[in-house]
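Observations on chain architecture
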Amino acid sequence: MMVLITYDVSFDNEGGQRRLRHIAKICQNYGTRVQYSVFECDIDLI
């Protein structure tokens, strides 16, 4: 199943950029980056 993952991380506090990098790393393990915070992932549901 093809899934589109989008996210928006707030930079208002000091942990925002760290969370953004962490989320992007996880998403890159499952799919392809389409835009800065948009990924296409091919997910198998079991």
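Quick look at the structure, then. Along each chain, residues carry numbers from 1 onward, in the same order as the chain's sequence is written. Since the coordinates come from a predicted model, pLDDT governs what is reported: local features require at least 70, and pairs of side-chain atoms require 80 or more to be given and counted, while whole-chain, interface and lining totals use all residues. By convention in this description, side-chain values take in all heavy atoms of the structure and omit both hydrogens and water.

Re the overall build of the protein
Only DSSP runs of H or I with at least four residues qualify as helices, and only runs of E with at least two residues qualify as strands; both kinds are numbered from the N terminus onward. Across its full length, the protein holds 1 helix and 3 strands. Dimensions of the protein along its principal axes, counting C-alpha atoms only, are 35 × 20 × 10 Å. In this scheme, a residue with accessible area under 20% of its type's maximum is buried, one over 50% is exposed, and one in between is partly exposed, where area comes from a 1.4 Å probe on protein chains only. Looking at the protein as a whole, 24% of its 46 residues are labelled buried. Two residues form a contact once any of their heavy atoms are found within 4.5 Å. Sequence separation of at least 24 residues holds for 44% of the intrachain contacts in the protein that already meet a minimum separation of 6.

Re the packing of aromatic side chains
Planes of paired rings set the category: under 30 degrees apart is stacked, over 60 is edge-to-face and the rest tilted, where pairs are Phe, Tyr or Trp rings (Trp by its six-membered ring) whose centres lie within 6.5 Å. By the definition in use, this model includes 1 aromatic pair. In our convention, an over-ring charge means Lys NZ or Arg CZ found within 6 Å of a ring centre and within 35 degrees of that ring's normal. The ring of Y36 has R33 lying over it, and the distance from NZ or CZ to the ring centre is 5.8 Å.

Here we look at a positive patch on the surface
Judged by side-chain charge, R18, R19, R21 and K25 come together as a positively charged surface patch. Residue classification places R21 among the exposed positions, given a relative accessible area of 54%. Here, patches come from residues exposed beyond 30% relative accessible area and free of salt bridges, joined within 9 Å for like charges and within 5 Å for nonpolar side chains (Val, Leu, Ile, Met, Phe, Trp, Tyr). Method for areas: the Shrake-Rupley scheme with a 1.4 Å probe, in which residue coverage is limited to the protein chains shown. Think of a salt bridge as a Lys or Arg side-chain nitrogen and an Asp or Glu carboxyl oxygen that are within 4 Å of each other. Neither His nor the chain ends contribute to the count of charged residues, in which Lys and Arg are positive and Asp and Glu negative. Working definition for charges: the position is that of NZ of Lys, CZ of Arg, CG of Asp or CD of Glu.

Some points on the sheet that holds strand β1 (residues 2-6)
Only strands joined by at least two bridges in the DSSP assignment are considered to pair. Read from one edge of the open sheet, 3 strands run β1-β3-β2, paired in antiparallel fashion. Pairing within the sheet leaves two strands with one partner each, and these edge strands are β1 and β2 (31-35). Adjacent strand axes in the sheet meet at a mean angle of 25 degrees, parallel and antiparallel pairs treated alike. As judged from the 4 bridges shared by β2 and strand β3 (residues 38-42), these two strands associate in the antiparallel manner. Note on β3: the bridge partner recorded for T32 is E40. To obtain an axis, a line is fitted to C-alpha atoms, over the contacting stretch when the element is a helix, and the angle between two such axes runs from 0 to 180 degrees between their N-to-C directions.

Points about the pairing of β1
Of all 5 residues making up β1, only 0 are buried, and the element is barely covered by its neighbours. Direction of pairing for β1 relative to β3: antiparallel, over a ladder of 5 bridges. Bridge pairing links V3 to C41 in β3.

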